[in-house]
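Architecture at a glance
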Amino acid sequence: MTLEGPLFLTAGPGSGKTRVILWRTVNLIVFHNIKPEEIFLATFTEKAALQLKQGLQSLLSLASTHTGKPYDLGRMYIGTLHSLCQKLLVDRHLNSKKTRQRAPVLMDDLNQFLFVYNRANLDRILTAGQLSETGTDLYYRINEYFSSSSYGVTWSRSDCAANLISFFGRLTEENFAAEELNSKDGLEDAMFRMYLEYREMLSEKGSRVDFSTLQQAAYDYLCESTTIDQYIKYVIVDEYQDTNTIQELIYFKLVEKTHNICVVGDDDQALYRFRGATVENLVFFAEKTKKYLGIEPKRIDLNINYRSRKEIVDTYTHYIESGDWKPGRKKTSYRLDKNIVAHSEDSGTSVVHISGNKKTLAEEVAQLVKEMKAKGKITDYNQCAILFPSLRSSGEANSNVREFGEALMALGIPHYAPRAYNFLYTQECLAVFGLMIKVFEPKIDEIDEEKKNKNRKERFHVWLAKCENFADELLDDDPLLEKFIEDLKKQKENSLEVYKMLLKTLAKENQFFYGAGSGQATTGGTFDGSTEATFEITAKLAKTKGLPPAVEKLLTGKRLNQLITQKKKDGTPLTLNYLLARCSSLDWTVLDLFYHFTCFEHFKEMFKKAETGESEGPMYNLGMITRYLSTFMENNLSILSGGSFVKESFNHIFFDSYLYALFNRGETEYEDDEDPFPKGCVPFITIHQSKGLEFPMVVLGSVNKADGDARVMDKLVRKLRKDKNAEPLEMTSNYDNLRMFYVALSRAKNLMVICQETKKDGSAMKANHPSFVQLFENSKLSKPEDIEVESIPEAKPSDDALPKIYSYTADYLPYLNCPRNYMVFHKFDFVPSRSQTMFFGSLVHESIDDLQQMFNAARGI
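This one's a predicted model, so the numbers in the text were calculated from it and none came from an experiment. (Residues numbered from 1 in each chain as written. Predicted model: local features only at pLDDT ≥ 70, side-chain atom pairs only at ≥ 80, totals over all residues. Heavy atoms only, no water.)

1. Topic: the overall build of the protein
The number of helices and strands found in the protein is 35 helices and 20 strands. Relative to the compact-globule value of 29 Å for 861 residues, the protein shows a C-alpha radius of gyration of 30 Å, a close match. Along the first, second and third principal axes, the C-alpha set of the protein runs to 90 × 75 × 65 Å. When contacts within the protein are restricted to residue pairs at least 6 apart in sequence, those whose partners lie at least 24 apart make up 78%. (Helix = DSSP H or I, 4+ residues; strand = E, 2+ residues; numbered from the N terminus. Rg over C-alpha atoms; globule rule 2.2 N^0.38 Å. Contact = heavy atoms within 4.5 Å.)

Written out as structure tokens, the structure is:
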């Protein structure tokens, strides 16, 4: 077995690469006495990392019974690269001072979007570009740059934010230095300045990072370290074909001295160019290893497919080999030859070609699925997956998804397609946000739901109307809920009234306003809430006529005066804004409001069904809602006060901005990462989502996909940095489509069904990808009427759900304390309202550890 030096493993579909990675790691630990913490094992997904970790725990526990040695994986670097970068940045061993670094604050995708989407932040970023356009004209110009055609270009702020985020992320992942960012194109040069401004803004926010800048921070940290090889001695990387430039730099930096890197991947399954992945990292790994390490790697091909029947393997192999991988008769091939062969000797029919219109295709597939289940070839409907290049169009389920869904439902077969539908259309969202509409009463435009070609704003207002109608039905059925809503509205109105009363009192003193002449403070001036709050001001406010007794007591109380004194002493005096907010604040937030709603009958029923195990989906959706509400509070308003309702400001922020942004992003329904395909339903998934999965029966629901022009960011990167090994730009779209369909064709174990939409005369449609037209002409694939279902092997039952690991303090004790509380906050991940929990155990442990290191350093240990 190769232990020292670089190792290059190419791994075809179903070749058992996960098992190879597991046994390589076990071999290092058990037979070569490598400490687990000296191994860096990077995977592509959290689920893959968990599977590897649990597999290692199982194998090492068996080894421990023979060797008598304990093997602790607690300090091992195992996970996604993003999680490992976070760990690297706080690893004192890699720091010359041996001190613990503070981890940067990581923004997830949603928080990064909200950060850039924030109007003040986006205006600052755009201003840095120094372009003549402003407002929506500038949004349009930026969106037009990223659009593949003039059709569909929008003036949308959310699209502009999303496009800039993609642009910024790619520049970071390519590790461009500021001096490299120059272009003769005025807009590109302007966006480079915007990027640098964005990076400056992140540094101003107290070491804040997004997923891309996190990787760059980890790489910079490694470049400063002089002790990497003393603590990390072996690096193993899975799915190497999906790495990008900065990730490649990280991996080679980690093995700069040891040279012990093992990469595993399959260039034919490279699907993430659109995220910046560089398949050339794998295809030309031998050259790159020589460049970075000065030696060539040993290559081993894992080329035996243990998953699929022979015809399936032959079909997808023939398909991928038919591509033009040496365009223009070049000597360089952009594909690795692997000579994939099937382990199975079953040469029976296992690939079926169905052609016709969308309705015919869907009906024939539905009948075949039903027959497979009736004859015991699949034991559950979730053993048949229907794959599509995409599930949505214009934010809604596309026509293919709808046709297949209707055909299955007509035969009484449920389907599960969480990524096809907008999460905000779930009944739980309609209920919660509908009730919030009844409380806060935002303006909803009347839009004809049947109107065709509705723009985004119109579709959003149609959704708001659906929410309100849903809430009306709930109120009709629950008089107590209706009364509660009315009480909340009165509280909101009272809060606004108190705010106005106090503002009116302040208006008598023009120094609290600017832009107003004498006596015009309330009409022509703007309130200056940054003015310092003093005892004199609180005394005047306390004399406001009609003020509620509780507010008057607050203004004259000792606690407020003590706070004013203390804050002034600290150099951070209280402001009038704070004073007015405190006096007019409500005793509930949007998250509190959610929990109030769940006390009523409609929601109580969901809790009951979750407790009995009858239905858990609604609870997972409610948990997601709490996370969205919590994110809103973190980024916008944590407290509701009278000022929140002046000029409909809350409604503009919450409904017109935040929910509208979520609506445009197309947030999808909840998916259980540990058990993604519920029993009893046929899963509809994208081909990208199917990567790494396998099913007894797979249906490719559509072969429609057009080759297009290279992506604008790929063109820009090539313009900024030349790479002789880079795939020709004119071929990238074709290669991406070939690889995507290759993944689809290699997921099936026993039966692969390929659906081809054709014209009325049976000829291929222009939308069919050319590779399939060639496949159907050259391959003699069976038709549905030719297949004998009885001859197909029966699916073996399998449970891919990951086992759950429980702890005494985090799980057992909370469950004993309150089972429902445990169910809500631990199982379904509800965000607690007004939670100020601190994990003292972790804090104390780290503090003691730091003190020990300081003590050792003082003694020269």
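2. Some details on the side chain of D592
Turning to its location among the elements, D592 is positioned in helix 25 (residues 590–597). Note on D592: relative accessible area 9%, which makes it buried. At 2.9 Å, the side chain of D592 and the backbone nitrogen of T589 are in polar contact. (Buried < 20%, exposed > 50% of the residue type's maximum accessible area, 1.4 Å probe, protein only. Polar contact = N/O pair within 3.5 Å; in protein donor to acceptor, adjacent residues only side chain to side chain.)

3. Topic: helix 14 (residues 310–321)
Under the 1.5 Å per step criterion, the end-to-end length of helix 14 is 16 Å for 12 residues, consistent within 8% with the ideal 16 Å. Along helix 14, the residues that are buried comprise E311, I312, V313, T315, Y316, T317, Y319 and I320. Among the structural elements, strand 9 (304–305), strand 10 (341–342), strand 11 (351–356), helix 31 (729–745), strand 20 (748–757) and helix 32 (770–778) are those in contact with the buried residues of helix 14. (Expected span 1.5 Å × (residues − 1).)

4. Let's talk about the sheet that holds strand 18 (residues 682–686)
Here we have 6 strands laid out as an open sheet, ordered 11-20-19-12-18-15, and parallel in their pairing. For this open sheet the edge positions go to strand 11 and strand 15 (415–416), each flanked by a neighbour on one side alone. Examined bridge by bridge, strand 12 (residues 384–388) and strand 19 (residues 695–700) share 4 bridges and lie parallel to one another. Bridge assignment links I386 to a residue of strand 19, and that residue is V699. Against the sheet, helix 31 makes contact with strand 12, strand 19 and strand 20, and its axis sits at roughly 140 degrees relative to strand 19, the strand it touches most. Strand contacts of helix 32: strand 11, strand 19 and strand 20, with the helix running at about 110 degrees to strand 20, the strand carrying the most contacts. (Pairing = 2+ DSSP bridges. Axes fitted to C-alpha atoms, helices over the stretch in contact; angles between N-to-C directions.)

5. Quick notes on the confidence of the model for the protein
If pLDDT is low for a region, its predicted coordinates should not be looked at in detail. Taken residue by residue, the protein gives an average pLDDT of 89. The fraction at 70 or more is 92%. Within the model, the stretch residues 516–523 combines pLDDT values under 50 with 11 contacts to residues more than four positions away or in other chains. In the model, residues 835–844 has pLDDT below 50 throughout and makes 1 contact with residues more than four positions away in sequence or in other chains. (pLDDT = per-residue confidence, 0-100.)

6. What to know about the sheet that holds strand 6 (residues 234–237)
Strand order in the open sheet formed by 6 strands is 3-2-6-7-1-8, with parallel pairing between adjacent strands. Since the sheet does not close on itself, it has two edges, and those belong to strand 3 (77–80) and strand 8 (298–302), each with one partner. Pairs of neighbouring strands in the sheet enclose a mean axial angle of 10 degrees, with direction left out of account. Examined bridge by bridge, strand 6 and strand 7 (residues 261–265) share 3 bridges and lie parallel to one another. Bridge pairing links I236 to C262 in strand 7. Helix 2 (residues 46–67) contacts strand 2 (39–43) and strand 3 of the sheet and is inclined by roughly 150 degrees relative to strand 3.

7. Considerations on a negative patch on the surface
Among the surface-exposed residues, E473, D476, D477 and E482 lie close enough to one another that they form a single negatively charged patch. Considering the arrangement of structural elements, one finds D477 in helix 18 (residues 456–477). (Patch = residues over 30% accessible without salt bridge, like charges linked within 9 Å, V, L, I, M, F, W, Y side chains within 5 Å. Areas by Shrake-Rupley, 256 points an atom, 1.4 Å probe, with all protein chains shown as cover. Salt bridge = Lys/Arg side-chain N within 4 Å of Asp/Glu carboxyl O. Lys, Arg positive; Asp, Glu negative; His and termini not counted. Charge placed at Lys NZ, Arg CZ, Asp CG, Glu CD.)

8. Examining the packing of helix 17 (residues 427–440) against helix 27 (residues 617–635)
The interhelical angle for the contact between helix 17 and helix 27, taken along N-to-C directions, is 40 degrees, at an axis separation of 9 Å. Looking at the two axes, helix 17 sits oblique to helix 27. The segment helix 17 lies against helix 27, with E428, C429, V432, F433 and M436 engaging P618, N621, L622, I625 and L629. Its residues placed into classes, the contact of helix 17 with helix 27 shows 8 nonpolar, 1 polar and 1 charged. (Parallel < 35°, antiparallel > 145°, perpendicular 65-115°, else oblique. Nonpolar A, V, L, I, M, F, W, Y, C, P; charged D, E, K, R; others polar.)

9. Description of the pattern of salt bridges
Tallied over the entire structure, the rule returns 50 salt bridges. Close ionic contact of R820 with E611 constitutes a salt bridge, the shortest N to O distance being 2.9 Å. In this pair, R820 sits in helix 34 (residues 819–827) while E611 sits in helix 26 (residues 601–612), placing the two residues 209 residues apart along the sequence. R820 sits in the partly exposed class, given a relative accessible area of 36%. R665 is the salt-bridge partner of E667, the closest N and O atoms lying 2.6 Å from each other. Look at E667 and you get buried, because its relative accessible area is 14%.

10. Points about unusual backbone geometry
Here K647, not a glycine, exhibits a phi torsion of approximately 50 degrees, which is positive. Tracing the chain through its elements places K647 in the loop between helix 27 and helix 28 (649–665). With a phi angle near 60 degrees, E648 is a residue other than glycine that sits in the positive phi range. Classification of E648 as partly exposed rests on a relative accessible area of 39%.

11. Describing a nonpolar patch on the surface
Taken together, the side chains of Y812, L813, Y815 and L816 make up a nonpolar region of the molecular surface, amounting to roughly 410 Å² of accessible area. With respect to the helices and strands, the residue Y812 is situated in helix 33 (residues 808–817). Given the relative accessible area of 43%, Y812 is considered partly exposed.

12. Details of the pairing of strand 11
Across the 6 residues of strand 11, 5 count as buried, placing the element largely inside the fold. Looking at chain direction, strand 11 and strand 20 are connected through 6 bridges and run parallel. Residue pairing across strands places H353 opposite I754, the latter belonging to strand 20.

13. Focus on the environment of S344
Its place among the elements puts S344 in the loop between strand 10 and strand 11. On a C-alpha basis, the gap between S344 and A286 in space is 32 Å, while along the polypeptide they are 58 residues apart. Residue contacts for S344: discarding those within four places in its chain leaves N305, S308, R309 and K310. Engagement of the side chain of S344 in a polar contact is seen with the backbone nitrogen of D346, the distance being 3.1 Å.

14. Quick look at the nonpolar core
F433 and M436 are the most contacted members of the largest nonpolar core, which totals 100 residues. Top contributing element to this core by residue count: helix 17, with 10 residues. Core analysis: the next-biggest nonpolar cluster, separate from the first, contains 76 residues, L89, A218, F284 and F677 among them. (Core = buried A, V, L, I, M, F, W, Y, C linked by side-chain atoms within 4.5 Å.)

15. Thoughts on the packing of aromatic side chains
One pass over the structure, following the stated rule, counts 54 aromatic pairs. Geometrically, the ring pair formed by F594 and F830 is tilted, given 6.0 Å between the ring centres and 55 degrees between the ring planes. Of the two residues, F594 sits in helix 25 while F830 sits in the loop between helix 34 and helix 35 (840–858), which places them 236 residues apart along the sequence. Here the two residues F594 and F830 agree in accessibility, since each one is buried. Ring geometry for Y620 and F828: centres 4.8 Å apart, planes at 80 degrees, overall edge-to-face. Separated by 208 residues along the polypeptide, Y620 in helix 27 and F828 in the loop between helix 34 and helix 35 bring together distant segments of the chain. Since its relative accessible area comes to 13%, Y620 is described here as buried. A relative accessible area of 1% means that F828 is categorised as buried. The ring of Y381 is capped by K373, whose NZ or CZ atom sits 5.4 Å from the centre of that ring. Residue placement shows K457 over the ring face of Y660; its charged tip is 4.0 Å from the ring centre. (Phe/Tyr/Trp six-rings, centres within 6.5 Å; stacked < 30°, edge-to-face > 60°. Lys NZ or Arg CZ within 6 Å of the ring centre and 35° of its normal.)

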